[in-house]
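Letter by letter, the chains look like this.
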Amino acid sequence: SPPPQGSLLYLDALGAAFPRALARRGTALLHWTPGRPHAPAGWPLPTLYCTPAPAGALPSRATALRVQLLFALRQRALHVLEAGLAAELHDALVALRTEWPQLAQELALGRLSPQPGLPEGVRDQLQALLTPDAARAAELRAECARGFEGIAMRLWPQLEVVVVRTAHGAERLYCDSLRQADCQGLPFYCPFYQAAGALLGVNLWPAEPTPRFLLCPDWAFCEFLPCPANKEPRTVLLDELWEGREYGLVVTAQPGEYRCHTGEVLRVAGFHKQCPMVEPVSRESQTLSVRGESIPEEQFCQSLCRTLRMWPGARLIDYVCVESSLLGDSSGPCAPHYEVFLELQGLRDLSEGQRYKLDQCLQEDFPVYKSFRFKGSIGSLRLHLVRPGTFTQLREALGSPLPMPRVLREEQLLRLIQGSVVS
């Protein structure tokens, strides 16, 4: 949880930018916190939420998000959708797409249906909070029958903003997907910057499209490594930062704790009352490297998004990239290469020419990769399409509220993905 002044700064900034955002029961929370029901940032304002706290602490992630969605749907006059992770909001709205007839029936009857991961005692506790609402159920059926583009604003016409704990790194993909489809027309606000388990800064500018975080000196002890690092790198402190430059982040969260090189790279966007404002740029630890080429995850994603523009009608839902060594014999006898698993919307299959476009873009964007491909020491990238909902199921199998890395290194999850390949 943030220091008390962090919560107050967040609420003050949110209320100034969106005056109705702090209305009583005007915020729906979509966040899985198994065994410990609380809001992501921990501010003590339970009257802010229309979501019962026990709903987020259910043992099943999918069930928790579905129950929270049901309580959000009851409240037509929502002003804020809040999620601990953008992936949680994404998965809740995926559940809406597939389960809206059942959700509408539960609204109409005011009755929770039995489902896995919903203990009987908690179900009774939540059931006591529901009342039949036939009019709202009819509205839900009518809007979902029209399709799901811009569904958030159609279901909650007074909605002002989407609040997510993290909007950079692995979560940026979900934010972009939501902005393009379900949450069209809504601003996204990421209030806090955290790294290595420590809260480091707060975003005081909710209405701006690019999050900037004011680093707060007394929340943790931060040091910064100038990028690119010199042969003998020396860390600098807050008062030694330069606007426009990039730095690697080193954190000592509390007195007596270990000093940690987080792998986060930040850009100094400016200063606010002499304190630096930073924008997260990348995370050094996530790279692709089958021959030492070291392609950063975020730059790989940029090449993938450039490729998508060459596939008319395709919208990226999610992906992972795997180094072929993780597949063992199933990757074939060819040189080490990348295996990419994509979940797309709007396109059922890809021709061989379309599939090759990603490898071509990587060669254009990364000269070292192109050199290895020319020499034959890296084989051609292989691209696979997976069934809709595959990555939602993977997050459930992961059993963790943390975002799944796009550079996949876990054999158990890889086997689940391989079982979902359609082409």
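Small disclaimer: the values here were computed from a predicted structure and weren't measured.

**Student:** For this particular structure, what's the right way to read the packing of helix α3 (residues 61-74) against helix α4 (residues 86-109)?
**Tutor:** Between two packed helices, the angle of one axis relative to the other and the distance separating the axes together describe the packing. The geometry of α3 relative to α4 is characterised by a closest axis approach of 8 Å and an angle of 65 degrees between their N-to-C directions. In this structure, α3 crosses over α4, and the sense of that crossing is right-handed. Residue-level contacts link R61, L65, R66, L69, L70, L73 and R74 of α3 to A87, E88, D91, A92, L96, E99, Q102, L103, E106 and L107 of α4. Per-class residue counts for the contact of α3 with α4 are 9 nonpolar, 1 polar and 7 charged.

**Student:** Teacher, can you tell me more about the sheet that holds strand β9 (residues 246-252) here?
**Tutor:** Note: strands within a sheet are paired through backbone hydrogen bonds, in either parallel or antiparallel orientation. Spatially, the 7 strands line up as an open sheet ordered β5-β6-β7-β11-β10-β9-β8, and their pairing is antiparallel. The strands lining the two open edges of the sheet, one partner per strand, are β5 (192-195) and β8 (221-226). The average undirected angle you get between the axes of adjacent strands in this sheet is 50 degrees. Summarising the sheet, β9 and strand β10 (residues 260-272) pair through 5 bridges and their orientation is antiparallel. Across the sheet, residue Y247 finds its bridge partner in β10, namely L266.

**Student:** In this structure, what is going on with the domain arrangement of the protein? I would like to understand it.
**Tutor:** Reports of interface size often rely on the accessible area that becomes lost once the parts have come together. Each assigned domain of the protein is listed with its residue range as follows: domain 1 (4-190), domain 2 (210-284) and domain 3 (289-419). Placing a centre on the C-alpha atoms of domain 1 and another on those of domain 2 gives a separation of 33 Å. Facing 6 residues of domain 1, the contacting portion of domain 2 comprises 6 residues. The junction of domain 1 with domain 2 conceals about 520 Å² of combined surface from both sides, 60% of it contributed by carbon and sulfur atoms. The largest per-residue losses of area from domain 1 upon contact with domain 2 belong to Q5, H168 and C190, which jointly make up 63% of the total buried on that side. There are 0 residue pairs in polar contact (both at pLDDT 80 or more) connecting domain 1 and domain 2. In terms of residue class, the side of domain 1 that touches domain 2 is built from 2 nonpolar, 3 polar and 1 charged.

How each quantity is defined
Residues numbered from 1 in each chain as written. Predicted model: local features only at pLDDT ≥ 70, side-chain atom pairs only at ≥ 80, totals over all residues. Heavy atoms only, no water. Axes fitted to C-alpha atoms, helices over the stretch in contact; angles between N-to-C directions. Helix = DSSP H or I, 4+ residues; strand = E, 2+ residues; numbered from the N terminus. Left-handed = near helix turned anticlockwise from the far one by under 90°. Contact = heavy atoms within 4.5 Å. Nonpolar A, V, L, I, M, F, W, Y, C, P; charged D, E, K, R; others polar. Pairing = 2+ DSSP bridges. Domains from an automatic or database assignment. Buried area = accessible area lost by both parts, 1.4 Å probe. Polar contact = N/O pair within 3.5 Å; in protein donor to acceptor, adjacent residues only side chain to side chain.

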